[in-house]
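Here is what each chain is made of, one letter per residue.
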Amino acid sequence: MNLPPPSSVRDLDAVIAGLSVVDVIGLPVDLRRPPKPGGMQSIASITMTTGGNVPNVGIDLAKLGFRVGAVTRVGNDTFGGFLRSQLEMHGIASAGLVLDDTRQTSSTIVGVEKNGERTFFHARGCMANFRVEDLLTHMDVIRRGRILVFGYYGLLPECDRHLGRLFRAIHLKTGIPVLLDTAGAPPRNDGLLASFLPLVDCFLPSYDEAAVITGETTPARIVAALTDAGAPGVIGVKLGADGCYLSWRGKAKRIPARKVRSVVDAT
């Protein structure tokens with residue numbers, strides 16, 4: 001995958017599009033022994049933060065010094081104001097934000113166990129109204145970037161069958177590469193996958209997601225299936241504590257995970 005060179009037109013390094021949520025994170029939460037109905041369980045902390053593809057990728061890139069723009073939906077509510085303020089605080093261009101007056105900001109309650117594993121309780125809110133037209137009408141923002149990161153396949157079902165149309169328009173009108181991320185459990189649909197995967201330059205699903213999408217059970221066979229479906233660029237499988245398996249231009253490599261002393265959060 002070759003990124004287009006910086007230019008006066010492309011003043012953003014990346015445009016992040018798709019899911020944005022507000023996360024309310026509690027830890028540690030022992031979901032295996034919940035309190036009795038009507039009872040209470042004491043935990044160490046409750047934190048409100050941003051989540052989803054747009055804030056997670058966008059804010060991390062901004063912290064690393066990259067210039068980032070966002071295309072997503074937020075509700076006209078307290079959570080939406082918090083999300084917008086966080087993006088603005090990190091200098092993320094917000095011209096692609098759609099203010100949705102009809103539904104609440106997409107939000108998630110996250111329970112984090114002592115080992116760092118997370119469990120999610122999610123309210124889709126205004127992301128149920130998110131469509132590929134939200135990106136097509138903000139092509140001026142996307143054109144400013146050097147890469148588009150879109151997430152998530154599997155959590156934005158209204159967009160799935162239109163991804164081919166979207167990515168084709170992006171390639172034709174901007175020439176920038178597309179990175180597609182997955183989440184949840186995208187159903188297996190070989191025809192749907194083949195409709196957009198040839199237009200995706202970088203595709204790295206998690207093992208569980210990739211196994212469902214392809215019907216295969218080993219990283220090598222998963223990558224082979226994605227290649228057969230038309231994936232032309234960087235393909236990989238995220239393997240959690242076992243690292244990841246990457247393939248590019250016919251060469252595959254397993255990359256081990258970094259060992260750490262104490263796991264705080266599986267993210």
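Each remark here, short or long, concerns the structure printed above.
So, a few notes on the structure that sits alongside this text. (Residues numbered from 1 in each chain as written. Predicted model: local features only at pLDDT ≥ 70, side-chain atom pairs only at ≥ 80, totals over all residues. Heavy atoms only, no water.)

## With respect to the overall build of the protein chain
Moving on, step 1. Within the protein chain, the regular secondary structure consists of 9 helices and 13 strands.
Moving on, step 2. Against the globule reference of 18 Å for 267 residues, the protein chain gives a C-alpha radius of gyration of 19 Å, in line with a compact fold.
Moving on, step 3. A total of 267 residues make up the protein chain; the buried ones form 46% of that total.
Moving on, step 4. Across the protein chain, every contact between residues at least 6 apart in sequence was considered, and the portion connecting residues at least 24 apart equals 70%.
Moving on, step 5. Total accessible area computed for the protein chain in this model is approximately 13,600 Å², and 55% of it derives from carbon and sulfur atoms.
Moving on, step 6. Positive and negative side-chain charges in the protein chain, numbering 30 and 25 respectively, have mean positions lying 5 Å apart. (Helix = DSSP H or I, 4+ residues; strand = E, 2+ residues; numbered from the N terminus. Rg over C-alpha atoms; globule rule 2.2 N^0.38 Å. Buried < 20%, exposed > 50% of the residue type's maximum accessible area, 1.4 Å probe, protein only. Contact = heavy atoms within 4.5 Å. Areas by Shrake-Rupley, 256 points an atom, 1.4 Å probe, with all protein chains shown as cover. Lys, Arg positive; Asp, Glu negative; His and termini not counted. Charge placed at Lys NZ, Arg CZ, Asp CG, Glu CD.)

## Describing the nonpolar core
Moving on, step 1. One finds L135, L148, F150, F167, I170, F196 and L197 to be the most contacted residues of the largest nonpolar core, which totals 46 residues.
Moving on, step 2. Broken down by element, this core gets its largest block of residues, 5 residues, from helix α6 (residues 163-174).
Moving on, step 3. What L148 contacts, discounting residues up to four positions off in sequence, is V15, A17, L135, I142, I170, I176, P177, V178 and L179.
Moving on, step 4. One finds V74, L83, I92 and I147 within the second-largest nonpolar core, a separate group that totals 16 residues. (Core = buried A, V, L, I, M, F, W, Y, C linked by side-chain atoms within 4.5 Å.)

## So, the pattern of salt bridges
Moving on, step 1. Overall, the coordinates contain 12 salt bridges when judged by the stated rule.
Moving on, step 2. Here R146 makes a salt bridge to D13, at a shortest N to O gap of 3.9 Å. In this pair, R146 is assigned in the loop between α4 (139-143) and β8 (148-153) and D13 in the segment before β1 (14-18), connecting sequence segments 133 residues apart.
Moving on, step 3. The exposure class of D13 is buried, given its relative accessible area of 14%.
Moving on, step 4. With a shortest N-O distance of 3.4 Å, K238 and D181 are connected by a salt bridge. Residue K238 is found in strand β11 (residues 234-238), and its partner D181 is found in strand β9 (residues 178-182); the two are separated by 57 residues along the sequence.
Moving on, step 5. In this structure D181 comes out as buried when scored by relative accessible area, which is 16%.
Moving on, step 6. One network of salt bridges, with partners in common, ties together D13, R67 and R146. (Salt bridge = Lys/Arg side-chain N within 4 Å of Asp/Glu carboxyl O.)

## Examining the sheet that holds β9
The strands making up a sheet associate through backbone hydrogen bonding, with each pair oriented either parallel or antiparallel.
Moving on, step 1. The 9 strands lie next to each other as β5-β4-β1-β8-β9-β10-β11-β12-β13, forming an open sheet whose pairing is mixed. Pairing within the sheet leaves two strands with one partner each, and these edge strands are β5 (93-100) and β13 (251-255).
Moving on, step 2. Those strands touched by helix α9 (residues 219-228) are β10 (202-203), β11, β12 (244-248) and β13, and its axis lies near 145° from that of β11. (Pairing = 2+ DSSP bridges. Axes fitted to C-alpha atoms, helices over the stretch in contact; angles between N-to-C directions.)

## Thoughts on the packing of aromatic side chains
Moving on, step 1. This model, assessed by the stated rule, comprises 2 aromatic pairs.
Moving on, step 2. Taking the centre distance of 6.1 Å and the plane angle of 80° together, the rings of F150 and F167 count as edge-to-face. Linking F150 in strand β8 with F167 in helix α6, this pair joins segments that are 17 residues apart in sequence. Taken individually, F150 and F167 each receive the classification buried, so the pair is uniform in this respect.
Moving on, step 3. Between Y153 and F196 the ring centres are 5.1 Å apart and the planes differ by 70°, which places this aromatic pair in the edge-to-face class. Residue Y153 is found in strand β8, and its partner F196 is found in helix α7 (residues 190-196); the two are separated by 43 residues along the sequence.
Moving on, step 4. Looking at F196, the relative accessible area reads 0%, which means it is buried. (Phe/Tyr/Trp six-rings, centres within 6.5 Å; stacked < 30°, edge-to-face > 60°.)

## Examining the environment of G91
Moving on, step 1. Summarising the element assignment, G91 is placed in the loop between α2 (78-89) and β5.
Moving on, step 2. Judged by relative accessible area, G91 falls into the exposed class, the value being 58%.

## Digging into the pairing of β11
Moving on, step 1. Taking burial as the measure, the 5 residues of β11 include 4 buried ones, the bulk of the element.
Moving on, step 2. Where β11 lies against β12, 4 bridges are found, and the strand directions are antiparallel. Paired with K238 across the strands is C244, a residue of β12.

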